[in-house]
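Descriptive structure summary
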Amino acid sequence: MDRLAEKYFRPEKYPGTACRGCGLRLAHRKVLEAADELGLETEDVVWGTGIGCSGRQTFATWKGDTFAGTHGQVYCLATGLRLALPPEKRIIITAGDGDAFTIGFNHLLNAARRNVDMTVIICDNLGYQSTGGQYGLTTPGGARTDSSPYGMWEPNWTEDGFDVLRILKEAGATFLARHTVLDGQAPVESIQKALLNRGFSLVQLVYPCVTHFGVHSLGTRNLAEVYDWFRKRYGAGADGLATGIIHDASGSRPEFGARLRSYTERAGKGDAA
Amino acid sequence: MKRTFDTGNAAITEAAIWAGCRLFAGYPITPATEIAENMSRLLPQVGGYYLQAEDETASFHICNGAAMGGMKAMTATSGPGFILYADPFGWAVSSEIPVVVVNSQRVGPVSGITGAPGQGEFYLSRYLTHGGNYETIVLAPASVQEAYRLTVRAFYLAERFRTPVTVLADQMVTDGWETLLLPETAEDERELGLERVERAVHPGPDFYPSTDAIDIPPVVLGHNTGGACSDWTPTERGHDTEEVEWQHRHAWRLIHKIRSNRALIDEAEEWFVDDAEMILVSYGTPSRVVKSAVLAARERGLKVGGIRLVSLWPFQDHLFTRTAAYLTVELNWDGQLVREVQRAAPDGSRTHFFGKCGELPSVAELLETVGKILRNEPLARSGWEREAW
């Protein structure tokens, strides 16, 4: 991590403020490895964040330009910013599951519909952990949390036939993948593909929260046990969610900025869309 | 000078484009929809972008994002959308990103009546976002021509102060048709009092100076200066912090960059205030009736004056130095401006409120009220319409 951290992260923000054993650092590492392997420099990327664990702990960590939005709004900021930036600049957003799949879901769907060129990395720790561990819409059914003391009872986006990534696919996203941060090189490869797609890409990176999810839902603070649970839920042949590249339609739809620039140019000459 | 006949909505659109606005994001709402429609028609002709967003928060945040990337941006709405701007407005305030916000007030609360003028967002325009610890700039046009000038001015002030600026209009200004003069030459621009500041890029690294200095270009991302732009309390470098000391510096800057430089913002019109025993106070469209009422009262030999606020916030306490009977004339029933006048007026003054909603008061109604107040007679009011605030 050190070489990549030195290259891409502000020294005063590394190693960061995440809890001991938090998988967020692994999620960051996957993104940095992908960026590094693609030869991206700090000036090639503007890095945005949302709220929650991933928002707060990622903001202003990137050495280059960086921004943060209020709850669920960072996709809108990125949509506006996309029009102002040169098309070759990459926008990477690290946001949490609550920020993206709950409070910001409408905006996320619209960013997918418009195919806005951004790479959204959902750092999914299965609930609202920075606020003390309440259930979110990716919290496993039955899981005890601070706001589901008798077990998670709500239908969520990742069980019982629901898959939030399928909704995003229908909304028009052009690249979708899901991994856990324990999946080795596979998430790095998916993030690279996401970064190469000139359109809306999203990689859901599920990672363990030891402090809240581990203690309250799994009944253990033991890192190895928590990580084992993750491997069982998301590993090959497990009952859990499909991982890997879920949908790759890179380049199949016009990108938002390019489309609007082209529309504006034609409209400026008086041509109809 | 190009002379046309058009609406306030058209004037605001033309002004924004003249001022350099190249992105408009909005969500349709009466009576501000025409601004969006006009923008969708005119912006492509100057290479600018129109976006119809999925809701109001998205509209404003798309503007914030574009402004953060170096573009001048504007959004427009009415009360039901304005309240939804609370979150992105606060984001722009705290991260010091210039955006122009138009609110064409209609009758409320909430959806109220779509096509009738109101003035219910006087305080909301001051305290739109949560958390306090900021000062804001609000301008209130009373005519189509002034809607043009103040929209240009809003862009000018937004850039110089690194802050969102609100144009608080009302339905009569935005839907009303009047003569509109548009500049064609540099001389026209001077004559119409128009000024423009081009967007510059702050080079960093002190993105959030803890001084009250203005004319520091906003943070613009994409130049790899390590720009950091967020809703978090920033350090001088723009980083987020949990240190209360930095929060104190940040709040101090947000408040005093505006208060300490208010000479650039303050604007009002006064009629016969010097010897007035009674002063009518208003802003926006009702002020036009008020002006007529003041003139009519003077013709009758009454010592009546008037104050029209053109800039609403920061509130211009300094205009209220004369001990007199004050009467605010507002398009609401609860009395909003009256509270500020009551607070600002010197001891020994009396403060009264005349409310109306959905339609303008008549000169006759105002003269009758003025007469009663001057004669110390009780005001005729219906049971629920009490003069208490």
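Everything numeric here is computed off the predicted structure, so don't read it as measured data.

In this section: the overall build of chain A. Each helix and strand counted, chain A has 11 helices and seven strands in total. In terms of C-alpha radius of gyration, chain A reaches 18 Å, essentially the compact-globule figure of 19 Å for 273 residues. In terms of principal-axis extent, the alpha carbons of chain A reach across some 65 × 40 × 35 Å. For chain A, with 273 residues in total, the buried portion stands at 59%. Here the contacts in chain A between residues at least 6 apart in sequence split such that 68% fall between residues at least 24 apart. In the form shown here, chain A has an accessible surface area of approximately 10300 Å², with 52% of it arising from carbon and sulfur atoms. For chain A, the distance from the average position of its 30 positive side-chain charges to the average position of its 30 negative side-chain charges is 2 Å.

Residues and elements named next belong to chain B. Considering all chains together, one arrives at 36 salt bridges over all chains under this definition. With its nearest N and O atoms 3.4 Å apart, the salt bridge here joins Arg126 to Glu135. For the pair Arg126 and Glu135, a shared accessibility class is recorded, and that class is buried. The partner of Lys372 in a salt bridge is Glu368, with the nearest N and O atoms 3.6 Å apart. On the criterion of helical spacing, the pair formed by Lys372 and Glu368 is a turn pair, its members being four residues apart in helix 13 (residues 363–374). Its relative accessible area of 16% is what places Lys372 among the buried residues. Each of Glu146, Arg149, Arg153, Glu267, Glu269, Lys291 and Arg308 takes part in one network of salt bridges that share partners.

Here the focus is the packing of aromatic side chains. Residue and element names in this part refer to chain B. For the coordinates displayed, the defined rule picks out 23 aromatic pairs over all chains. What links up through ring pairs into an aromatic cluster is the set Phe122, Tyr123, Tyr283, Trp313, Phe315, Phe320 and Tyr326. Geometry around Trp246 places Arg249 over its ring, the cationic atom sitting 4.3 Å from the centre.

UniProt feature "domain: Thiamine pyrophosphate enzyme TPP-binding" (unreviewed entry): in the numbering of this structure it lies at residues 51–204 of chain A. For residues 51–204 of chain A, the end-to-end C-alpha separation is 16 Å, with 35% helix and 19% strand making up the annotated structure.

We now examine helix 10 (residues 244–259) of chain B. Since the α-helix packs 3.6 residues into each turn, any two residues three or four apart lie on the same face. Spanning 16 residues, helix 10 of chain B covers 22 Å between terminal C-alpha atoms, matching the ideal 22 Å at 1.5 Å per step. Residues of helix 10 of chain B that are buried include every one of His250, Ala251, Arg253, Leu254, Ile255, Lys257 and Ile258 of chain B, and no others.

Let us now look at the domain arrangement of chain B. Residues and elements named next belong to chain B. Domain annotation of chain B identifies domain 1 (2–192) and domain 2 (269–388). Just the C-alpha atoms count here: the centres of domain 1 and domain 2 sit 27 Å apart. Here domain 1 and domain 2 share an interface that buries about 2100 Å² over both sides, 57% of which is from carbon and sulfur atoms. Area buried by domain 1 at its contact with domain 2 is led by Gln119, Phe122 and Tyr123, which between them contribute 36% of it. Taken together, the connections running from domain 1 to domain 2 amount to two salt bridges. As a salt-bridge pair, Arg308 and Glu146 come within 2.8 Å of each other at their nearest N and O atoms. Taken together, domain 1 and domain 2 are joined by 17 residue pairs in polar contact (both at pLDDT 80 or more). Listing elements by their share of the side of domain 1 that touches domain 2, those giving two or more residues are strand 5 (100–107), strand 6 (113–117), helix 6 (122–126), strand 7 (137–139), helix 7 (144–161), strand 8 (165–170) and helix 8 (171–175). In terms of residue count, the dominant contributor to the side of domain 1 that touches domain 2 is helix 6 (four residues). The class makeup of the residues in the side of domain 1 that touches domain 2 is 15 nonpolar, seven polar and seven charged.

Turning to the environment of Ala325 of chain B, a few remarks are in order. Residue and element names in this part refer to chain B. Tracing the chain through its elements places Ala325 in strand 15 (residues 325–330). According to the relative accessible area criterion, Ala325 is buried, its value standing at 5%. The spatial distance from the C-alpha of Ala325 to the C-alpha of Leu374 is 7.9 Å, given a sequence separation of 49 residues. In this structure, Ala325 is in contact with Glu277, Met278, Ile279, Arg350 and Ile373, ignoring residues within four places of it in sequence.

All right, on to the environment of Trp252 of chain B then. Residue and element names in this part refer to chain B. Structurally, Trp252 is set in helix 10. By relative accessible area, Trp252 is classed as partly exposed at 37%. Those residues in contact with Trp252, other than ones at most four positions away along the chain, are Ser210, Thr211, Asp212 and Lys257.

All names here are of chain B. Judged by how many residues are buried, strand 16 (residues 350–355) sits mostly within the fold: five of six residues are covered. Here six bridges tie strand 15 to strand 16, and the two strands are oriented parallel to one another. Paired with Tyr326 across the bridge in strand 16 is Thr351. For the segment spanning strand 15, helix 12 (residues 337–344) and strand 16, crossover handedness is right-handed.

Once that is clear, we can look at the pairing of strand 6 (residues 200–206) of chain A. All names here are of chain A. Burial of strand 6 is extensive: seven of the seven residues sit out of reach of the surface. In strand 6, alternate side chains face the same way, and those of Phe200, Leu202, Gln204 and Val206 on one face and Ser201, Val203 and Leu205 on the other are all buried. By the bridge criterion, seven bridges tie strand 4 (residues 118–124) to strand 6 in an arrangement that is parallel. Along strand 6, the bridge assignment pairs Asp124 with Val206. Between strand 5 (residues 175–180) and its parallel partner strand 6, the chain crosses via helix 8 (residues 186–196), and the hand of that crossover is right-handed.

Residues and elements named next belong to chain B. Read across the sheet, five strands follow the order 11-13-12-15-16 without closing on themselves; strand pairing throughout is mixed. Both edges of this open sheet fall to strand 11 (268–271) and strand 16, since each of them pairs with a single strand only. The mean angle between the axes of side-by-side strands here comes to 20°, regardless of whether they run parallel or antiparallel. In the sheet, strand 12 (residues 278–282) pairs with strand 15 via four bridges, with the strands oriented parallel. Following the sheet pairing, Met278 is matched in strand 15 by Ala325. Contacts from helix 11 (residues 286–299) reach strand 11, strand 12, strand 13 (304–309) and strand 15 within the one sheet, and its direction differs from that of strand 13 by about 165°.

Conventions and cut-offs
- Residues numbered from 1 in each chain as written.
- Chains lettered and ligands numbered in written order.
- Predicted model: local features only at pLDDT ≥ 70, side-chain atom pairs only at ≥ 80, totals over all residues.
- Heavy atoms only, no water.
- Helix = DSSP H or I, 4+ residues; strand = E, 2+ residues; numbered from the N terminus.
- Rg over C-alpha atoms; globule rule 2.2 N^0.38 Å.
- Buried < 20%, exposed > 50% of the residue type's maximum accessible area, 1.4 Å probe, protein only.
- Contact = heavy atoms within 4.5 Å.
- Areas by Shrake-Rupley, 256 points an atom, 1.4 Å probe, with all protein chains shown as cover.
- Lys, Arg positive; Asp, Glu negative; His and termini not counted.
- Charge placed at Lys NZ, Arg CZ, Asp CG, Glu CD.
- Salt bridge = Lys/Arg side-chain N within 4 Å of Asp/Glu carboxyl O.
- Phe/Tyr/Trp six-rings, centres within 6.5 Å; stacked < 30°, edge-to-face > 60°.
- Lys NZ or Arg CZ within 6 Å of the ring centre and 35° of its normal.
- UniProt positions renumbered as here; feature names shortened; annotations may be inferred.
- Expected span 1.5 Å × (residues − 1).
- Domains from an automatic or database assignment.
- Buried area = accessible area lost by both parts, 1.4 Å probe.
- Polar contact = N/O pair within 3.5 Å; in protein donor to acceptor, adjacent residues only side chain to side chain.
- Nonpolar A, V, L, I, M, F, W, Y, C, P; charged D, E, K, R; others polar.
- Pairing = 2+ DSSP bridges.
- Right-handed = clockwise from strand over helix to strand, strands pointing away.
- Axes fitted to C-alpha atoms, helices over the stretch in contact; angles between N-to-C directions.

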